[in-house]
Amino acid sequence: MNRPRVLLADDHRIVADGLRRILEPDFELVAIVEDGRQLVEAALRLLPDIIVADITMPQLNGLDAVAQLRKAGCSAKVVFLTMHKDASYAVRALQAGASGFVLKHSASEELLVAIRESLSGKTYITPAIADCVQQVSSARLPKASLLTPRQREVLQLFAEGRTAKEVASLLHISTRTAENHKARIMSLLGIATSSDLVQYAVRHGIISAQ
Amino acid sequence: MMRPGRPAILRVLKREVSIESIHLAMKPVSAVTLLAACSVAISAHWCLAGENELPAKKHIVQLYSYRTLTPINADWDRGIRRALATGFPMGVRIDIEYLDLGRIDNAEYLQRWNDLLRMKYAGQRIDLVMPVYVQAFQFVRKHRDTLFSDVPVVFCSVNRALAEQVRGVPGMTGVAFQLDVDGTVNAARALFPHTQHWLVVSGGSNHDRALCAMVQQTLDRYKDQLQIEYTEGLPMPKLLEMAAALASESAVLILNYDQDVWGNDYTTADVVEQIAAVCPVPMFGLYDTLLGHGIIGGSLGSAESQGELAGNLAVRVLQGEDPSKIPITGLEMHQFMFDARQLQRWGVDDADLPPGSIIRYREMTLWEQHGKQILAGLTLLLLQSLVIAILLINRSQRIRAERSLHTSRSEAIQLAGRLLSAQEDERTRLARELHDDLSQRLAASAIEAGQLARKSTVSPGTRATLAQLRDDLISLSDDVHSIARQIHPTILDDLGLADALRSECDRLAAREDTAVDCQCGDIPPDLRQEVSLCLYRVAQEALWNAARHAQSNRMDVRLTSDVEMIHLEVRDFGVGFDVEHATEQPGLGLASMRERVRLVNGRLTIHSQLGSGTSITVDIPLAEKCT
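Within each chain, residue numbers correspond to sequence positions counted from 1 in written order. Chain letters and ligand numbers both follow the written order, the letters beginning at A and the numbers at 1. Given that the model is predicted, a residue must reach a pLDDT of at least 70 before its local features are reported, and side-chain atom pairs must reach 80 or more before they are shown or counted; all residues, however, enter totals for whole chains, interfaces and linings.

Caption draft 1: Fine view of the overall build of chain B. A run of DSSP states H or I qualifies as a helix once it reaches four residues; a run of E qualifies as a strand once it reaches two. Both are numbered from the N-terminal end. Helices and strands together make up the secondary structure of chain B, namely 19 helices and 17 strands. Residue burial is a threshold on neighbouring C-beta atoms within 10 Å of the residue's own C-beta, all placed from the backbone, with 20 or more meaning buried, 12 or fewer meaning exposed, and counts in between meaning partly exposed. Put simply, chain B has 627 residues, and 36% of those count as buried. Contact definition: two residues whose C-beta atoms, as placed from backbone geometry, lie within 7 Å. Long-range contacts, defined as pairs at least 24 residues apart, comprise 72% of the intrachain contacts of chain B with a sequence gap of at least 6.

As structure tokens, this is what we get:
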């Protein structure tokens, strides 16, 4: 059977050498690249089965490179290999489309496992942070409904029925800025009409229902 | 009439008092009014008694040769009175008789004066007789025995020859004069060298003629060099005609003119003024009474000075000195005096005048009249200008200082900013070094050790050692990574502000065993690096402050943004602190927080109350403003 084809991206030659020795017995190492741009270029050209990449790399970091590849239609499995023992990185890696997250210094034990898990359609996250990732991955999405104090002021004034011009003069800002505020708030809150805006304000105690 | 004056006043006073008394007696009056009336009457009597006890004033009888109110009489009188006032501050009693002997000097007139005076001063004590000028002196000399026997005589302005005649006469002394004809003529010749003809103006009275004769004795010496013409008593119309026709090499010398040959009376000063109006050549004189009336000047005697000298002698005699032991004085009292207006008229330069000349009637220039005021005004103006200048300089210095202060301030801000960014740059470099090199090499070593441990050829003991080595390397690599992260949050560059904040919160939560709720809104992805670093550092500082000091089991972090601002709030629910007090404390890093926020034009606000937690908020404008 054909050995799976691996593309390795790591800008540290000494690490890359170590990784090559781990990978070569079981996989066909199609190329070793040293930065994000090379990674994108090589991946699209060589079409590997799996990409093993560092996150922190010159020119273009691993996360952005993978995001570009996904956009370009590349469906190769991705295992990130990083120094960052940090759930934030792991969550972002998964968001970017990776299926493996391994700490570099544990590579000799975990890399091959992570690759095989990935190839079989599963997700592997290094045990050191796996629990954290589970906890935060849901909570960490940006909260659209969070408003700044200024936005709350603007929302209240509009909900009270004032025009953009009145809001602008009350807050010492330009009418255009007031309008921008309103548009942004409505988009953040997923509101389409001014009456929905009033309802939202009433519901959240920003203005009182008469 | 001074003498009967005082008793008359007293009599009037007494009469008034008595009328008042009668008036009072007729009406019922108050005792006070009566008392007042009495006291007036008493004090009037008392004053009268006091007056009687004072020593009697010295009594001087002055006999003037001329009629009253001639200019020269006024000069003599001024001098005599000045001297007497100095010698007798309490005053003397002076009776003056104007004998008018210049016009009338016949024997009967003189005899009548004699009778009149004898009758007038009969029974009066006279302390001194002062004849003024020649005719009066001759009158006194003649009638002394009958009129003023045993009364000392001090004469004033008697010609030298006459004075010589009375030298040593008991009870007699005085002041003599000598006209300095030579001095005047020579001065005139020096000033007007072309002068060849002199017109000598004098009157036709006996005395005018006598004086002229006296002068002529001197002038005769110049007969060879000068043509000298005398006009004794020439009537005024003719005299004026003659004066008007004088040629340019002429000069006029004025002597004395009391009367013309027709018997018309004049005063010399009037005559001078009339001649001056028509005369085309300068006029000289011999005494200073004429100065100011039209003569240019000359070596002049002074009636006023002679009068003052005589007054001084009178004081000495009245004080008891023996007159015959006081030498006759006044002969050498000439003074070169000139009229500035006449000097100007005849084009004479002051510098050409004889040394020591006195110039009268100088018309003062504006400077001479108002010099002090002008000077004061100028000084004031100068001072004012000076004050204004000082104020202007002061103002410009202050403006410059303010400007340079402003420059220094903005430079300091720039410098602080550069310092901060240089520090951050250095930290970034250091962190990258640690992360990219050291940490990676450790990782590589750990991989190597792991690979070795997995080899089948290795004995179990060596495998265990290698595993241990690998774990140590992992631990070491973690530590280095952690240090690098503290130095510079690479995560900020890799994952952005929101993730970096969340990660920081997680780390804090893990380490301090506290709940940290970090919520981030929709943050612009293109946030400037210095803004995100600023917010990260402020949040980091605030979080660790809270962990160290707040004793709070919960912290909230909110990161939100709108179209104007990005907004960060770090809040704890712990013990709180006194904000005003804490700002001065260096330990909390509040100053460095403020500095970082200020550098990105943001605003940092700290709310804290003891017992109810602390909230630190930062607002940073998203649009970059010009600084």
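Caption draft 2: Layout of the overall build of chain A. In terms of regular secondary structure, chain A is built from 10 helices and 6 strands. In chain A, buried positions account for 43% of the 210 residues. Of the contacts made within chain A by residues no fewer than 6 positions apart, 57% connect residues no fewer than 24 positions apart.

Caption draft 3: Just unusual backbone geometry, in detail. In this structure, His172(A) is a non-glycine residue whose phi angle is positive, near 55 degrees. What makes His172(A) exposed here is the crowd of 7 C-beta atoms within 10 Å. Phi at Asp100(B) takes a positive value of approximately 55 degrees, unusual for a residue other than glycine. Owing to 19 C-beta atoms within 10 Å, Asp100(B) belongs among the partly exposed residues under this scheme.

Caption draft 4: How the structure looks around the interface of chain A and chain B. Listed as interface residues are 38 residues of chain A and, on the opposing side, 39 residues of chain B. Broken down by secondary-structure element, the contributors of at least two residues to the side of chain A that touches chain B are α1 (13-23), α4 (87-96), α5 (107-119), α7 (149-159) and α9 (175-189) of chain A. Per-element tally for the side of chain A that touches chain B: the top contributor is α1(A), with 6 residues. In the scheme used here, Gly and all other residues not listed as nonpolar or charged are polar, with Ala, Val, Leu, Ile, Met, Phe, Trp, Tyr, Cys and Pro taken as nonpolar and Asp, Glu, Lys and Arg as charged. A class-by-class count of the residues in the side of chain A that touches chain B yields 15 nonpolar, 13 polar and 10 charged.

Caption draft 5: Local environment of the packing of α4(A) against helix α16 (residues 497-512) of chain B. Only the stretch in contact is used when fitting a helix axis, every axis being a line fitted to C-alpha atoms; angles between N-to-C directions are given from 0 to 180 degrees. Where α4(A) meets α16(B), the closest approach of the two axes is 9 Å, and the angle between their N-to-C directions is 140 degrees. On the basis of their axis angle, the class for α4(A) and α16(B) is oblique. Residues Ala87(A), Ser88(A) and Arg92(A) of α4(A) touch α16(B), and the partners they reach there are Asp499(B), Arg502(B), Ser503(B) and Asp506(B). Across the contact of α4(A) with α16(B), the residue classes break down as 1 nonpolar, 2 polar and 4 charged. By definition in this entry, angles of less than 35 degrees are roughly parallel, angles greater than 145 are roughly antiparallel, angles of 65 to 115 are roughly perpendicular, and the rest are oblique.

Caption draft 6: Spotlight on the sheet that holds strand β1 (residues 5-9) of chain A. Residues and elements named next belong to chain A. Paired strands, in this sense, are two strands between which DSSP finds at least two bridges. Strands sit in the order β2-β1-β3-β4-β5-β6 across an open sheet of 6 strands; the sheet is parallel. In this open sheet, the two edge strands, each paired with only one partner strand, are β2 (28-33) and β6 (124-125). Examined bridge by bridge, β1 and strand β3 (residues 50-53) share 4 bridges and lie parallel to one another. Counterpart to Leu7 in the pairing with β3 is Ile51. On top of the sheet, α1 reaches β1, β2 and β3; it is set at about 165 degrees to β1, its chief contact. Packing of helix α2 (residues 36-46) onto the sheet brings it into contact with β1, β2 and β3, and relative to β2 it is tilted by some 150 degrees.

Caption draft 7: Representation of α4(A). All names here are of chain A. Within α4, 7 of the 10 residues are buried, which leaves the element mostly enclosed by the surrounding structure. Those residues of α4 lying buried are Ala87, Ser88, Tyr89, Ala90, Val91, Arg92 and Ala93. In the stretch just after α4, Gly97 is the one whose phi turns positive, near 115 degrees.

Caption draft 8: View of the sheet that holds strand β14 (residues 554-561) of chain B. All names here are of chain B. Taken in spatial order, the 5 strands of this open sheet run β13-β14-β15-β17-β16, and their pairing is mixed. The sheet terminates laterally at β13 (515-520) and β16 (603-608), the two strands that pair on one side only. Strand-to-strand twist of the sheet, defined as the mean angle between neighbouring strand axes without regard to direction, takes the value 10 degrees. Relative to β14, β13 is paired through 6 bridges, and the arrangement is parallel. Within the sheet, the bridge partner assigned to Cys518 lies in β14 and is Val557. Here α16 sits on the sheet and contacts β13 and β14; the angle it forms with β13, its principal contact strand, is near 175 degrees. Sheet strands in contact with helix α19 (residues 590-599) are β16 and β17 (614-621), and its direction is about 145 degrees off that of β16.

Caption draft 9: Examining helix α17 (residues 529-550) of chain B more closely. Counted at 1.5 Å a residue, the expected span for α17(B) with its 22 residues is 32 Å, and the 30 Å between its end C-alpha atoms agrees. Of the residues one or two after α17(B), Gln551(B) is the one with positive phi, at around 55 degrees. To estimate the expected span of a helix, subtract one from its residue number and multiply by 1.5 Å.

Caption draft 10: The nonpolar core, seen in detail. By size, the foremost hydrophobic cluster in this structure holds 97 residues, and its most contacted members are Ala53(A), Val79(A), Leu501(B) and Ala539(B). If one sorts the elements of this core by residue count, α17(B) sits on top with 11 residues. With residues near it in sequence (within four places) discarded, Ala539(B) still touches Leu501(B), Glu504(B), Val557(B), Leu568(B) and Val570(B). Throughout this description, the term nonpolar core refers to a group of buried Ala, Val, Leu, Ile, Met, Phe, Trp, Tyr and Cys residues whose C-beta atoms join them within 7 Å. Residues Val129(B), Val175(B), Val215(B) and Ala276(B) belong to the second largest nonpolar core, which totals 82 residues.

Caption draft 11: Expanded view of the confidence of the model for chain A. pLDDT runs from 0 to 100 and stands for how confident the predictor is about each residue. Summary statistics for chain A give a mean pLDDT of 86 and a share of 93% for residues scoring 70 or more. Per-element mean pLDDT across chain A ranges from 72 in helix α6 (residues 127-139) of chain A up to 94 in β3(A).

Caption draft 12: Region of the structure containing the pairing of strand β5 (residues 172-177) of chain B. All names here are of chain B. In terms of burial, β5 is largely enclosed, as 6 of its 6 residues are buried. The pairing of strand β4 (residues 153-159) with β5 spans 6 bridges and is parallel. What sits directly across from Cys156, in β5, is Val175. We call a crossover right-handed when, viewed with both strands directed away from the observer, the connection leading from the first strand over the helix to the second proceeds clockwise. The parallel pair β4 and β5 is bridged by helix α6 (residues 160-166), and the resulting crossover is right-handed.

Caption draft 13: Representation of the pairing of strand β5 (residues 100-103) of chain A within the structure. All names here are of chain A. Because side chains alternate across β5, one face comprises the buried residues Gly100 and Val102, and the other comprises Phe101 and Leu103, equally buried. In this sheet, β5 lies alongside strand β4 (residues 77-82) in parallel orientation, the contact comprising 4 bridges. Note that in β5 the partner of Leu81 across the bridge is Val102. As for the winding sense of the linkage, the β-α-β connection from β4 through α4 to β5 is right-handed. Pairing between β5 and β6: 2 bridges, direction parallel. Residue pairing in the sheet places Gly100 in a bridge with Tyr124 of β6. The parallel pair β5 and β6, bridged by α5, forms a crossover whose chirality is left-handed.

Caption draft 14: Molecular detail of the packing of α7(A) against helix α8 (residues 164-171) of chain A. Residues and elements named next belong to chain A. Contact geometry of α7 with α8 gives a least axis separation of 10 Å together with a crossing angle of 140 degrees. Between α7 and α8, the angle is such that the two are oblique. As α7 runs across α8, the sense of the crossing is right-handed. Seen from α7, the contacting residues are Glu153, Val154, Leu157 and Phe158; seen from α8, they are Val167, Leu170 and Leu171. Partitioning the contact of α7 with α8 into residue classes produces 6 nonpolar, no polar and 1 charged. For a crossing to be left-handed, the near helix must be turned anticlockwise from the far one by less than a right angle; the clockwise case is right-handed.

Caption draft 15: Highlighting the environment of Ala65(A). Residues and elements named next belong to chain A. Position of Ala65 relative to the elements: it lies in helix α3 (residues 62-71). Sequence separation between Ala65 and Ile55 is 10 residues; the distance between their C-alpha atoms is 9.1 Å. Setting aside chain neighbours within four positions, we find Ala65 in contact with Gly36, Leu39, Val40, Ala53 and Leu60.

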